[in-house]
Amino acid sequence: MWHCPKCKREFKKNNQSHSCTTFPLEKHFTGKDYAKELFDYYIAEVGKKIKPLKIESLPCCIHLVTDFTFGAIWAMKDRIRIDFRLDRKAETKPKAKIIQISPNRFMYYLDIKDKKEITPELINLIKESAKLNS
């Protein structure tokens with residue numbers, strides 16, 4: 001693993017291109033208490049299946065990282081938006097927006113509005129994404 005000497009983030013590839021700009025995690029949730037509650041629950045559920053799990057807070061979003069970034073989270077007032085990548089199309093609940101980003105990669109975007117939507121099936125897809133990108 002390579003550690004950027006400036007920002008101290010860890011990467012699988014030496015001299016991985018990245019932005020050294022970080023952002024305080026709590027600032028993503030200013031005025032978004034419900035999103036913070038959903039985020040905490042989501043991270044707890046993902047963390048049960050994916051170890052080690054790192055959280056990297058950037059100005060654009062919050063990254064979920066193992067050896068590579070495998071997902072992201074955006075805090076919104078009444079929900080969180082998550083993304084992850086798979087090498088196949090899969091049905092999700094809640095329904096995902098799916099974009100084919102290469103011949104063998106599909107990007108999933110889901111809005112989570114309730115803890116009940118963070119199901120074992122969804123967490124298994126997130127786990128699959130983390131393995132695919134490690």
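Heads up: the structure comes first, above all this text.
Read on for a plain summary of the structure. This is a predicted model, so every value here is computed, not measured.

**Overview of the sheet that holds strand β4 (residues 62-65)**
Here 6 strands make up an open sheet; going across it, the order is β3-β4-β5-β6-β8-β7 and the pairing antiparallel. A strand with exactly one partner marks an edge of an open sheet, and here the two such strands are β3 (54-57) and β7 (97-102). On average, each strand axis in the sheet is tilted by 20° relative to the strand beside it, whichever way the strands run. Along the sheet, helix α1 (residues 33-49) makes contact with β3, β4, β5 (69-76), β6 (79-86) and β8 (105-112), crossing β6 at roughly 35°. Helix α2 (residues 120-132) rests against β5, β6 and β8 of the sheet, and its axis sits at about 50° to β6.

**Examining the pairing of β4**
Covered by surrounding structure in β4 are I62 and L64 together with H63 and V65, the residues of both alternating faces. Summarising the sheet, β3 and β4 pair through 4 bridges and their orientation is antiparallel. From the neighbouring strand, I55 faces β4, where its bridge partner is L64. Hairpin connection, β3 to β4: the antiparallel pair is bridged by 4 residues. Sheet topology places β4 next to β5; 4 bridges connect them, and they run antiparallel. Following the sheet pairing, I62 is matched in β5 by I73.

**Points about the side chain of R79**
Position of R79 among the secondary structure elements: in strand β6. When sequence neighbours within four positions are dropped, the list of residues in contact with R79 reads Y34, A35, L38, W74, D111, I112 and K113.

Conventions we followed
- Residues numbered from 1 in each chain as written.
- Predicted model: local features only at pLDDT ≥ 70, side-chain atom pairs only at ≥ 80, totals over all residues.
- Heavy atoms only, no water.
- Pairing = 2+ DSSP bridges.
- Helix = DSSP H or I, 4+ residues; strand = E, 2+ residues; numbered from the N terminus.
- Axes fitted to C-alpha atoms, helices over the stretch in contact; angles between N-to-C directions.
- Contact = heavy atoms within 4.5 Å.
- Buried < 20%, exposed > 50% of the residue type's maximum accessible area, 1.4 Å probe, protein only.

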